[in-house]
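Here's the letter readout for the chains.
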Amino acid sequence: MAMRWITVWMLILITGALVLAGQPLTNAGAATPPPPLAGDLLRGRTIIIDPGHGGYDPGSRGRQAIEAEVNLAIAHKLKTWFQMAGAHVLMTWSKSSDIPSHRKYRVQSRLEWINRQPADVLIDIHCNSGASSYKGPQTFYWDGAASYHLATAVQEELQYFTGTVRGVKRIDQYVLRYAKMPAINVEVGFITNPREEERLLNPTYQEDLTWYIFIGTERWMVRGRWPESLLKSPPPVDLLRRD
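Residues numbered from 1 in each chain as written. Predicted model: local features only at pLDDT ≥ 70, side-chain atom pairs only at ≥ 80, totals over all residues. Heavy atoms only, no water.

J.: Even after reading the chapter, I still don't get the overall build of the protein, so can you show me in this structure?
T.: Along the protein, the regular secondary structure elements total 8 helices and 6 strands. For the protein, the N- to C-terminal ordering of α and β elements is α-β-α-β-α-β-β-α-β-α-β-α-α-α. Evaluated residue by residue, the protein yields a buried proportion of 50% over its 243 residues. Counting contacts in the protein only where the partners sit at least 6 residues apart, residues at least 24 apart contribute 79% of the total. (Helix = DSSP H or I, 4+ residues; strand = E, 2+ residues; numbered from the N terminus. Buried < 20%, exposed > 50% of the residue type's maximum accessible area, 1.4 Å probe, protein only. Contact = heavy atoms within 4.5 Å.)

This is the structure we're talking about:
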């Protein structure tokens, strides 16, 4: 199956940063990618991860899975990747007791907290729902060039990983509309598709999936540090490989 080394050619340009390990990764169902070397590529950056729903509002349900629980598990794995790259990561909630089961969280309160943080980016994590035949992750944004390009970078990585043909879409979601930073919503898959639900419950798949969300975000962040003319130059062939 196809394998690749991602963004290594850009990472070596950063003086003083330890390079994230460019380990080859296989497509969906593959072994968990080995962790990168601890580095400082994203040091000084703050990421907010918002696992959707929680408390009295469990979100969508599959045959076994509860969306809020899947969102939280995936958010924690995504947090780990960002921390390993040196980023400061905040979560709107990190354990089930943060939102008591007898009350529904207020999205307005959550957004107020988000906007008080000096963050560079907001990533909402949700599961999609629909007909049992629907499948594939999809990344949404509301408005603004930064959010659009971030969503595009993440969705490109998810397309590579899962083979989905779903593209980036604009959506009028309260958190995305009023966030004071570039913001995206990653719908990680259809919890109502039995095969996709099984994958979303698998810790190894969650780790692989979040690696690609991380890589897409990292691509977008690193790209902003370099002149466009440099980024359009072809990477050294010995550092970028597709088997």
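J.: Please explain the packing of aromatic side chains as it appears in this structure.
T.: Aromatic ring pairs are described here by two measures, namely the spacing of the ring centres and the angle between the planes. Summed over all chains, the structure comprises 9 aromatic pairs. Aromatic pair Y174 and Y178: ring centres 5.0 Å apart, planes at 55°, arrangement tilted. Taken together, the residues span about one helical turn, with Y174 and Y178 both in helix α5 (residues 174–178) at a distance of 4 residues. Among the aromatic residues, those joined into a ring-pair cluster are W81, F82, W211 and F214. (Phe/Tyr/Trp six-rings, centres within 6.5 Å; stacked < 30°, edge-to-face > 60°.)

J.: Teacher, can you tell me more about the pairing of strand β6 (residues 183–190) here?
T.: Along a regular strand, successive side chains alternate from one face of the sheet to the other. Counting buried residues along β6, 8 of its 8 residues qualify, which places the element largely inside the surrounding structure. Relative to β6, strand β3 (residues 121–128) runs parallel, the two being bridged by 6 bridges. Pairing of I123 across the sheet is with I184, part of β6. Examined bridge by bridge, strand β4 (residues 138–141) and β6 share 3 bridges and lie antiparallel to one another. (Pairing = 2+ DSSP bridges.)

J.: Please clarify how helix α3 (residues 107–116) should be interpreted in this entry.
T.: Residue pairs three or four apart in sequence face the same way in an α-helix, which turns once every 3.6 residues. If you check which residues of α3 are buried, you get R110, L111 and I114. Mapping the buried residues of α3 onto a view down its axis gives an arc of 95°, with all of them on the same face. Where α3 is buried, its residues meet β1 (46–51), β3 and α5. (Arc of directions from axis to C-beta.)

J.: Quick question: what am I supposed to make of the environment of N71 here?
T.: Tracing the backbone through its elements, the reader meets N71 in helix α2 (residues 67–84). Distance from N71 to D124, taken between C-alpha atoms, is 9.1 Å for residues 53 residues apart in sequence. A distance of 3.3 Å separates a polar atom in the side chain of N71 from the backbone nitrogen of C127. (Polar contact = N/O pair within 3.5 Å; in protein donor to acceptor, adjacent residues only side chain to side chain.)

J.: Got a minute to help me understand the sheet that holds strand β5 (residues 169–170) in this structure?
T.: Strand pairing in a sheet relies on backbone hydrogen bonds, with the paired strands running either antiparallel or parallel. Read across the open sheet, the 6 strands follow the order β2-β1-β3-β6-β4-β5; overall the sheet is mixed. In the strand order of this sheet, the two ends are held by β2 (88–91) and β5, each with one partner. As paired elements, β4 and β5 share 2 bridges and run parallel to each other. Looking across to β5, one finds that Y141 is bridged to R170. Sheet contacts for helix α7 (residues 203–223): β1, β3 and β6; angle to β3, the most-contacted strand, approximately 150°. (Axes fitted to C-alpha atoms, helices over the stretch in contact; angles between N-to-C directions.)

J.: So what exactly am I meant to see when it comes to α7 here?
T.: If you check α7, its first and last C-alpha atoms are 30 Å apart, about what 21 residues at 1.5 Å a residue would give, namely 30 Å. Counted residue by residue, α7 has 16 buried out of 21 residues, so it is predominantly covered. A side-chain oxygen of the first residue of α7 lies 2.8 Å from the backbone nitrogen of T204; this N-cap is N202. (Expected span 1.5 Å × (residues − 1).)

J.: Would you take a moment to explain the environment of D143 for this structure?
T.: Looking at where D143 falls in the secondary structure, it is placed in the loop between β4 and α4 (145–162). Considering only alpha carbons, one finds D143 and Y178, 35 residues apart in sequence, at a separation of 9.9 Å.

J.: Just checking my understanding: could you explain the packing of α2 against α7 for this structure?
T.: A packed helix pair is summarised by two numbers, namely the angle formed by the two axes and the spacing between the axes. Look at α2 against α7: their axes get within 8 Å of each other, and the N-to-C directions meet at 50°. With respect to each other, α2 and α7 are oriented oblique. When you trace α2 past α7, the crossing you get is right-handed. Along the contact surface, α2 presents A73, I74, K77, L78, W81 and F82, while α7 presents P203, Q206, E207, L209, T210, W211, I213, F214 and T217. In terms of residue class, the contact of α2 with α7 is made up of 10 nonpolar, 3 polar and 2 charged. (Parallel < 35°, antiparallel > 145°, perpendicular 65-115°, else oblique. Left-handed = near helix turned anticlockwise from the far one by under 90°. Nonpolar A, V, L, I, M, F, W, Y, C, P; charged D, E, K, R; others polar.)

J.: Help me understand the packing of α4 against α7, please; the structure alone is not making it clear to me.
T.: Orientation of α4 relative to α7, taken along the N-to-C sense of each, is 140°, at an axis distance of 8 Å. Note on packing geometry: the crossing formed by α4 with α7 is right-handed. Between α4 and α7, the residues in contact are A146, H149, L150, A153, V154, E156, E157, L158, Y160, F161 and T162 and Y205, D208, L209, Y212, I213, I215, G216, T217, R219 and W220, respectively.

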